Structure formats: C-alpha cells, structure tokens
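In case you want the letters, here they are:
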Amino acid sequence: QVQLVESGGGLVQAGGSLRLSCAASGSIYIINAMGWYRQAPGKQRELVAVITRSGRINNADSVKGRFTISRDNAKKTVYLQMNSLKPEDTAVYYCNADLTDYELRKVDYWGKGTLVTVSS
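Residues numbered from 1 in each chain as written. Predicted model: local features only at pLDDT ≥ 70, side-chain atom pairs only at ≥ 80, totals over all residues. Heavy atoms only, no water.

Engineer: Mind laying out the sheet that holds strand β3 (residues 18-26), listing which residues take part and the relevant values?
Structural biologist: Spatially, β1-β3-β8-β7 is the arrangement adopted by the four strands of the open sheet, whose pairing is antiparallel. Each having just a single partner strand, β1 (2-7) and β7 (67-72) make up the two edges of the open sheet. Between one strand axis and the next, the sheet turns through 15° on average, direction left out of account. Pairing analysis gives six bridges linking β3 to strand β8 (residues 77-82), with the strands arranged antiparallel. Bridge pairing in β8 links Leu 18 to Met 82. (Pairing = 2+ DSSP bridges. Helix = DSSP H or I, 4+ residues; strand = E, 2+ residues; numbered from the N terminus. Axes fitted to C-alpha atoms, helices over the stretch in contact; angles between N-to-C directions.)

Written as structure tokens, this is what we have:
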C-alpha cells in the first residue's frame, strides 16, 4: 500500500505565493515520476507540472514562469512552488506518483488533494 500526503494549500491573495508538498510512503521500490494536477470547479483535471526521477520537467503553459516543481528523491517528496498566483489558479491540487512497488508492478497513485484558493 502507498500513501501520498499533500500539504500547503490555503487561501492567498492574487500575486501571492504558496508552496505545496507531497510525501510518498509505503511499499515503494522506486518512484519514476511525480507531479501535480489540478481541478477547478466544473472543469476537468489538468496537468500542472511533472518531474521525472532524473529531473526532467514538463510544465503546463499556463504556469510557466510562475510555478516551479522540484523533488527530493531521498525523502520521496515533490514540491510545487507557486508564485504570482492568479484567481484562475484556484483549484484542488492533486499529487500523482508513477512508481514501481516491491512486487515490481508499475502503479499510479493519487493524493486526496489540497485546496488552493486565490482571491482577487
């Protein structure tokens, strides 16, 4: 069993910053990629940013230059530094981990989500 625990969401004014964290634990052999997705009310879940074990990053165009994803492989943790936040960034942010467990199965896990609200 694997758990992803997110933290760092909250309410912030436009132009402000927040830092999200997601720590993975459990039956993990290796984490291949970790990332952040978000879902705004009435919209589909969308990719925000993803980072591979080697550090290759893919960002959504809407967050380039404002959000930075990073990871600490030793701590099995991924971070999302969000700067210059806009009201349209308001959403539930979900952590995702693409990992291999101890039975060498490739599995995809999701966190429960953390709410980010940006007021104008």
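Moving on from the coordinates now.
Engineer: Go over the state of the cysteines, please, and point to the residues and values.
Structural biologist: Inspection of every chain in the model, using the stated rule, returns one disulfide. Disulfide pairing places Cys 22 opposite Cys 95 at an S-S distance of 2.0 Å. Classification of the bridge connecting Cys 22 and Cys 95 rests on its S-S torsion, roughly -80°, and on that basis the disulfide is left-handed. Linking Cys 22 in strand β3 with Cys 95 in strand β9 (residues 91-100), this pair joins segments that are 73 residues apart in sequence. The same class applies to Cys 22 as to Cys 95, namely buried. (Disulfide = S-S within 2.5 Å. Buried < 20%, exposed > 50% of the residue type's maximum accessible area, 1.4 Å probe, protein only.)

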